[in-house]
Amino acid sequence: MRNCIYLVLICAIMFSVTLQAQNSEERLQKLEKLCEQQEAQIQKLQERLGVMQDESSYKQYTEKIVKEYLREPVAEEDGTGITAGYDNGFFVRAAEGNVELKLTGYLQAGLGIFENDATENNSFYLSGVYLTFDMFLLKDWHARIQIDFANPIARFFGGSYNTALRDAYIEYIGIPEVGVRIGQTHVPFSMQGQYGETEGMTIWSEPFVAGWRHGRDLGIMLQGVIADRVEYKAGLFNGSGANAGNADDDFLMAAQLRFYYCGCAQNPNNFIHIGVLRNRQQNYASSNVPGGDYHTASLFSASGRNIFSGTSTQDDIVQGWRNAVDVAFRFDRDLEGGHNVRVESEFMYSAWQRDFSSNSANPTGVGRRSWLEGFGWTFGFTYRHCLKPEIKNSGVFGGFVFSYTDLDNKNTKRTAVNDNLPGQRAWSYTFIVGYNFNKHISAAFNWVMLDLDNKTYYGTSKADGGSGGLEHAWFFQVTSVF
């Protein structure tokens, strides 16, 4: 019996010793692991210390941390992450990608200098201070609000600036071939008339484009791209211009067709364009500033001065229908080495009905009907030579743009007072030079020469009524895009 008790005691002692050894070994392993972790942390701290001491290494380390930060959610709630950063605009985006808010914009400031006998005043100016808010919802819907905080009123004539709503629309983009847009947007008609202020070759639009493009309007539009080659747009609009309700029961009808000969997705700036427009109008073609958002027969110089139809006299009135067609093409190609060449041309024809049947100056309305017919043509090219290929879209650029505009009274049935308009013909020559510092900052200089056939019409600068030289104007403008 005693032997059994001794045996049990010996086994218990041996088990206790073994268990103690195992516990000690586990503790030793934990201590070793903890030491390894501490050594790793010390090594990281030493690396960071080395980065802090070396400027170039610190810059690389900072860029790495920022990239990792932008890739990872910065806020989480119920498993939903939100990312924010910059990608051709500032954005806030849900991690799933189903909701995104994007902010873009640009600012343009410049200086305009004119001849001594010009009616315009030498002046610094703001061409536009734009902010654009884009909201993408569930990947199938897009809403845009664009505001110009420096909308000019008579820029070179002692005018002021105000705030104006530009784009304001909602559109369905879930099916590339069939989309719907409703709200205020560009009327699908003129090619250059749908350019933003940063997209044109020249600082200012040509006379017929500034006056006849129509610009933005309120309405609904169908649009789509078929087989990455053909784009269509067709819309119904109020016809009264931006930020205005309809003036009558009729609507403006406009449509365009574009053929992207190099594919729309990869080459959206290479296409052939055709546009048509028809609108009923019952108002005077009087305007003191070029908005491009109205359907008048007015013409404007580069500075915004009326060179046709600038007062409220009876010979300015246009009533009835306006019919117009626009044909254009654009070629825009990046070359090896970062260089770029761009060539484009546009032709526009427009006819305005002049129906004075209800005019107070002629209550009987006998035979007082005619048409104004006008056309304009422009051709231009630019070339950008990249001096620093590592900076995308940079380089020095130069180019030339020519335009011709002709507007006349046609088919007059009665030669009464104010029935026959003197008409206007305008030749415009613009020399271009500038430099793109990068895709965000650029500077441009334009030398504009304007030759008017009717130099006494509505306060032009050449008021001698006879043959005169060209009107010269010089513009320097800096653009910042973000």
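Notes on the structure follow. (Residues numbered from 1 in each chain as written. Predicted model: local features only at pLDDT ≥ 70, side-chain atom pairs only at ≥ 80, totals over all residues. Heavy atoms only, no water.)

**Digging into empty space enclosed by the protein**
Per the counting criterion, the structure on display carries 2 cavities of 30 Å³ or more. Estimates place the volume of the largest cavity at around 120 Å³. Taken together, 15 residues line the largest cavity, and the ones lying closest to its centre are F114, E120, R305, E471 and A473. Mapped by element, the contributors of at least two residues to the lining of the largest cavity are β20 (441–452) and β21 (471–481). Broken down by element, the lining of the largest cavity gets its largest block of residues, 4 residues, from β21. Volume-wise, the second largest cavity comes out at about 80 Å³. Surrounding the second largest cavity, T202, W204, S205, E206, P207, S301, A302, S428, T430, N446, V448 and L450 form its lining. Those elements that provide at least two residues to the lining of the second largest cavity are β19 (424–436) and β20. Here the element with the most residues in the lining of the second largest cavity is β20; it accounts for 3 residues. (1 Å grid on protein atoms, 1.4 Å probe; cavity = no way out; pocket = protein on both sides within 12 Å on 5 of 7 lines; lining within 4 Å. Points joined across faces, edges and corners; volume = space filled by probe spheres on them. Helix = DSSP H or I, 4+ residues; strand = E, 2+ residues; numbered from the N terminus.)

**Points about the pattern of salt bridges**
Opposite charge on two side chains permits pairing when their charged atoms draw close. Under the criterion given, the structure shown has 11 salt bridges. Among the salt bridges present, the one from R166 reaches D148, with a minimum N-O distance of 3.7 Å. Of the two residues, R166 is situated in strand β7 (residues 161–175) and D148 in strand β6 (residues 141–152); the sequence distance between them amounts to 18 residues. Residue R166 is classed as buried on the basis of its relative accessible area of 12%. With a relative accessible area of 0%, D148 lands in the buried category. Ionic pairing is found between R330 and D332, a salt bridge with its closest N-O pair at 3.0 Å. Residue classification places R330 among the buried residues on the basis of a relative accessible area of 6%. (Salt bridge = Lys/Arg side-chain N within 4 Å of Asp/Glu carboxyl O. Buried < 20%, exposed > 50% of the residue type's maximum accessible area, 1.4 Å probe, protein only.)

**Considering the environment of I153**
By secondary structure assignment, the location of I153 is in the loop between β6 and β7. A residue is classified by how much of its surface remains accessible, and I153, at 35% relative accessible area, is partly exposed. For the pair I153 and G304, spaced 151 residues apart in sequence, the C-alpha to C-alpha distance is 9.5 Å.

**Describing the nonpolar core**
Ranked by size, the top nonpolar core spans 22 residues in total, and within it V187 and W212 carry the most contacts. Mapped onto this core, the elements with two or more residues apiece are α3 (207–212), β11 (252–259), β14 (306–308), β16 (340–355) and β20. When residues of this core are assigned to their parent elements, the largest contribution, 3 residues, is made by α3. Filtering out sequence-adjacent residues up to four positions away, V187 remains in contact with Q194, H214, G215, R216, D217, F237, L252, A254 and L277. (Core = buried A, V, L, I, M, F, W, Y, C linked by side-chain atoms within 4.5 Å. Contact = heavy atoms within 4.5 Å.)

**Re the environment of T202**
Within the element layout of this structure, T202 appears in the loop between β8 (178–186) and α3. When its relative accessible area of 15% is taken as the criterion, T202 is described as buried. Distance from T202 to F445, taken between C-alpha atoms, is 8.9 Å for residues 243 residues apart in sequence. Apart from residues lying up to four places away in sequence, T202 is in contact with V401, T430, I432 and N446. At 2.5 Å, the side chain of T202 forms a polar contact with the backbone oxygen of W204. (Polar contact = N/O pair within 3.5 Å; in protein donor to acceptor, adjacent residues only side chain to side chain.)

**Observations concerning the packing of aromatic side chains**
Two descriptors summarise a pair of aromatic rings, namely the distance from one centre to the other and the angle between the planes of the rings. Summed over all chains, the structure comprises 22 aromatic pairs. When the centroid spacing of 6.0 Å and the interplanar angle of 55 degrees are considered together, the rings of F156 and F475 count as tilted. Of this pair, F156 sits in the loop between β6 and β7 while F475 sits in strand β21; the two residues are 319 residues apart in sequence, bridging distant segments of the chain. Pair check on accessibility: F156 and F475 agree, each one buried. For the cation-ring pair, R181 lies above Y169, with the distance from its terminal atom to the ring centre recorded as 4.1 Å. The positively charged end of R258 is found above the aromatic ring belonging to F271, 4.2 Å away from the centroid. (Phe/Tyr/Trp six-rings, centres within 6.5 Å; stacked < 30°, edge-to-face > 60°. Lys NZ or Arg CZ within 6 Å of the ring centre and 35° of its normal.)

**As for the side chain of E344**
Relative to the helices and strands, E344 is located in strand β16. Judged by relative accessible area, E344 falls into the buried class, the value being 3%. A distance of 2.9 Å separates a polar atom in the side chain of E344 from a polar atom in the side chain of Y195. When residues no more than four places from it in sequence are discounted, the contact partners of E344 are M191, Q192, Y195, M201, F329, R330, T378, F379 and G380.

**Points about the pairing of β8**
Where β7 and β8 come together, 6 bridges link them in antiparallel fashion. Paired with Y169 across the strands is G183, a residue of β8. Where β8 meets strand β9 (residues 216–226), 8 bridges bridge the pair, whose relative direction is antiparallel. In the strand pairing of β9, G179 is matched with Q223. (Pairing = 2+ DSSP bridges.)

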